[in-house]
Every structure is written in C-alpha cells, then in structure tokens.
Amino acid sequence: MKRNEEFTGECTDLSDQGYGVLRHNGEVVFVPGLLPQEKARIRVILAKKSFAIGRVMERLSDSPERTQALCPVFGKCGGCALQDLEYQSQLAWKTDWMRRKFPGIEVRDTLGMKDPYNYRNKAQFPVQVTGEGEVITGFYRPNSHTIVDTDTCLIQDERLNELFQCIRKELTSRLAKGLRHIFLRRSRKTGQSQVVFIGEENHFEDLTAKLVSVFPDLVSVVFNHNDRQDNVILGDESVILHGSESIEEDCLGIRIRLNFKSFFQVNPEMMEVLYNTAMEAADIHPGDSVIDMYSGTGTLGLLAARRGAQVTGVEIVPEAVENAWENARLNGITNAQFVCQDATEFARQFQDQADVLIVDPPRKGLSGQGIEDIARIDPRRIVYVSCNPNTLKRDLERFEQKGWKARWVQPVDMFPQTPNVEAVSLLEKE
C-alpha cells in the first residue's frame, strides 16, 4: 500500500490499542475509530512494510454495539479509544481477546465496573506556553507531544476535574513558564486530595494558598523540581508547599499513606477486585512465608500479612519502601518487612523457603533471569498480577518451561473505555 491510497473495507477485529483491524489486498490496516462489523472508506496515512495506519474518510455502516462517545475530545486525545463501544461489549471483547491470547488456559470472564466513568484517582497534565503566551494544558495526542487542550476528563475523579479547572483559571503565562506537568491525586474513601507542580522554578505559594482556601480536602501541595531534558516526569528534589508529601488511602480496610512518588493503582474500586482475586489465588494460611515482589507501598503484602503470613516485600523505589514500613505501622502489622532492592537480585540471593510468591511487575514483565531465580525459590504457588497481557503470555510460557503451569487467568477491567486490561494468574508446580 501507499500513503494516501483509498479503499473500502470492513473491520473484523480490534487491536490491543483499540484500533479497528482490516485487511486490504492481503495487508493489515489499523484504523482508529472503527469497530468490528463496520464498513468504511479508508485513506492510508502511514504505510509500513508489514502494516499500514488508515483514517476513516466515510463510515458506510455502524456496528450495533456502537454508542455515542461522551467526551468532547474523543478521537483527539488518545486516552479512551473504546469510548464509542458499549461497555458490556468492551468487556466481552476483552474476554475474547484474552482467550485468544492464552489458548489452553482457563480465562475467566472479565470483571467490570457498574459505572465505568470518573474512576481514575490520579492525573498528570502536561503544560505548554505558546509563543503568543497562551497556556495549554490537557493530554497528549497519541504518539506525539502535541497537547489536546481540555479542562475535564470523563474517566477522572470529578474532584480532580474541579481542582484542575481551578488551577487552569489561575495559570498565567508567567506561572506556567517552566512548568512541565500538573500532577493530581485523590482518595475517594478518605476524601483527601493532592496537587504536585512539576517544573523548573517554584512560583506557586500564592496559588497554593488560594487552592487550600477553596478545597478544604487538599491536604498536600508539593513543588517538584525537574529541569531534565528528557521525558522523565518527576525530578529528585521537592518542596512541600502545604501539608505533607502524602495523602491517605484505604484498600480493603488497609490504611495506606501514599507518597506522590509511589505507585498506586489508578482505579481504587477495581483495585480491590484485583487484590481480592490475588488473595483468592494465594490461598494463604497462618504461618505461611510470602514474598511480595515489586511490592510498591506494600498493599498486597499487608493484605497477606493480615491473613497471618510472614511477609517480605521487595521494592526498588526508596520512597515506596518507606511508605510500606509506615503503612505496616499504621495498621498495627508486625509480621511484614520490606526490602529496598531490585527484585531479581533479591530472588537470586534468597536462601529460605517461601510458600507463596506474589509478583506484580511493571509493563515489561519479568526478565529471564528473574524467572530462573523465582523457580529456584520453589514456592508452593505463584500469583502473577499483570498490567500487560503480552508480557504475561511470554512469562507464563517461560514459567511452563520451568515446570510451572498457569491454572487460570482472571482479566480485570482496571481501565474502562480503554483497550488495556489487567489480570491475575495462578501458577502451580506440575
């Protein structure tokens, strides 16, 4: 195919990015905004050796599962590629997609939300100042650094939208100059909110005072200094402008003090579903030895400890490890310890026996060496919590070569309106 070539075709599937999938003259074409069963006139906008990207010039038929996207910047911002697909159909597609990805393994129906909007407890807004002095804030277009200017997001907590709208009104070009990102976080259970200004210079004392007067639930305002010339969002140095660096969260009755640098699931309602599923898989008995790798702020490990296990959490981010120790104290839990170390290095050095190993790695999954070391530890069962089905598939295949069989995979819809899916898998020795 060639760029600007036009053809008429029918969408047969969705890709893992939520793009419609078509075939034209034997070649695969990915088309944003097109659903299965829909016919359209397509123009090729990018032609590669093995695939092409197309744009819908005219939709000739509609899927019976199509719905009206509610967001005013849908199709411009890349955040919610499936918002024009009815929610029950989103869940059905995710289940089907996961079953095709994991043949031979029981894949359960995807667990979803009753209300699939306003669920995100965290937001990061990039900021730019144009040559004319106009301040632009919003979200990046897909695969670009162009900001789609917007003052609201329908999958974000409503209070975060209110905070963001207030900040936008106060952001002059002087304040915004050198400001890279606005980071917001909120706990729906505790009602506490947080604002972090990320940039090169701190000019935010007056704005902080105004925000605190308007939002009594705002318990943390921080300036984070970052003048790096790369895409890393957070810098190393911070100044507290109001309150502390943390807010309090709650997960299944575990109180969590959450530093702004610490990872925490962005959908707290489905996080509890995900973690309950992980605890079901772990089948912990009092006195069990449990390793929680990539333990973050310690939530999964503390849930295991509450069931009577002796827990060791492993995390490489120092702020998260400090949070985890603090969270253990907050909850009166004494049978959990947390180690600041690379998970693979820890597994290589671990000499004792573990009954259950819980692993919740980043999107890149586990290294081959990490799987070797986990297999050597030889726990009774492994619970794998994954945010990337592609690396989960790869890692389950590697574990199977070591004698570990995945008994089931449970998809959890942590990110409604998007093609992303999290999953829990139980592995046992064959």
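Quick look at the structure, then. Because the structure is predicted, anything quoted here is derived from the model rather than measured.

Some points on the pattern of salt bridges
A side chain of one charge can pair with a side chain of the opposite charge if their charged atoms are brought near each other.
So, point 1. A complete count under the given rule lists 36 salt bridges for this structure.
So, point 2. Measuring nitrogen to oxygen at the nearest pair gives 3.8 Å for the salt bridge that ties E319 to K261. With a gap of 58 residues between them, E319 in helix α7 (residues 318–330) and K261 in the loop between β16 (254–259) and α5 (268–282) connect regions that are remote in the sequence.
So, point 3. Among the residues examined, K261 registers a relative accessible area of 22% and is labelled partly exposed.
So, point 4. Across the pair R407 and E428 runs a salt bridge, and its minimum N-O distance is 3.2 Å.

Examining the environment of G138
So, point 1. Along the chain, G138 turns up in strand β9 (residues 135–140).
So, point 2. Sequence spacing of G138 and F125 is 13 residues, and the spatial spacing of their C-alpha atoms is 5.4 Å.
So, point 3. Not counting the four nearest positions on each side in its chain, G138 is found in contact with F125, P126, I147, V148, T150 and F164.

Side note on the state of the cysteines
So, point 1. In the structure shown here, the tally under the stated rule is zero disulfides.
So, point 2. With no disulfide of its own, C166 lies closest to C153 among cysteine sulfurs, the gap being 18 Å.
So, point 3. On the basis of relative accessibility, which here comes to 13%, the residue C166 falls in the buried class.

Structural notes on the packing of aromatic side chains
So, point 1. This model, assessed by the stated rule, comprises eight aromatic pairs.
So, point 2. An aromatic cluster of three or more residues is present, and its members are F125, F139 and F164.
So, point 3. Geometry around W408 places R108 over its ring, the cationic atom sitting 3.9 Å from the centre.

As for the packing of α5 against helix α6 (residues 299–306)
So, point 1. With their axes 11 Å apart at the nearest point, α5 and α6 run at an angle of 50 degrees to one another. As summarised for this structure, α5 and α6 are arranged oblique, according to the angle between their axes. In the crossing of α5 with α6, the sense of the turn from one axis to the other is right-handed. Across the interface between the two elements, Y275, A278 and M279 of α5 pack against T299, L300, L303 and A304 of α6.
So, point 2. Residues belonging to the contact of α5 with α6 are distributed by class as follows: six nonpolar, one polar and no charged.

Focus: the sheet that holds strand β1 (residues 6–10)
So, point 1. Spatially, the six strands line up as an open sheet ordered β1-β5-β6-β4-β3-β2, and their pairing is mixed. Of all strands in the sheet, those with a lone pairing partner are β1 and β2 (13–14), marking the two edges.
So, point 2. Sheet topology note: the strand β5 (residues 39–47)/strand β6 (residues 51–59) ladder contains seven bridges and is antiparallel. Of the residues in β6, the one forming a bridge with L46 is I53.

Rules used in this analysis
Residues numbered from 1 in each chain as written. Predicted model: local features only at pLDDT ≥ 70, side-chain atom pairs only at ≥ 80, totals over all residues. Heavy atoms only, no water. Salt bridge = Lys/Arg side-chain N within 4 Å of Asp/Glu carboxyl O. Helix = DSSP H or I, 4+ residues; strand = E, 2+ residues; numbered from the N terminus. Buried < 20%, exposed > 50% of the residue type's maximum accessible area, 1.4 Å probe, protein only. Contact = heavy atoms within 4.5 Å. Disulfide = S-S within 2.5 Å. Phe/Tyr/Trp six-rings, centres within 6.5 Å; stacked < 30°, edge-to-face > 60°. Lys NZ or Arg CZ within 6 Å of the ring centre and 35° of its normal. Axes fitted to C-alpha atoms, helices over the stretch in contact; angles between N-to-C directions. Parallel < 35°, antiparallel > 145°, perpendicular 65-115°, else oblique. Left-handed = near helix turned anticlockwise from the far one by under 90°. Nonpolar A, V, L, I, M, F, W, Y, C, P; charged D, E, K, R; others polar. Pairing = 2+ DSSP bridges.

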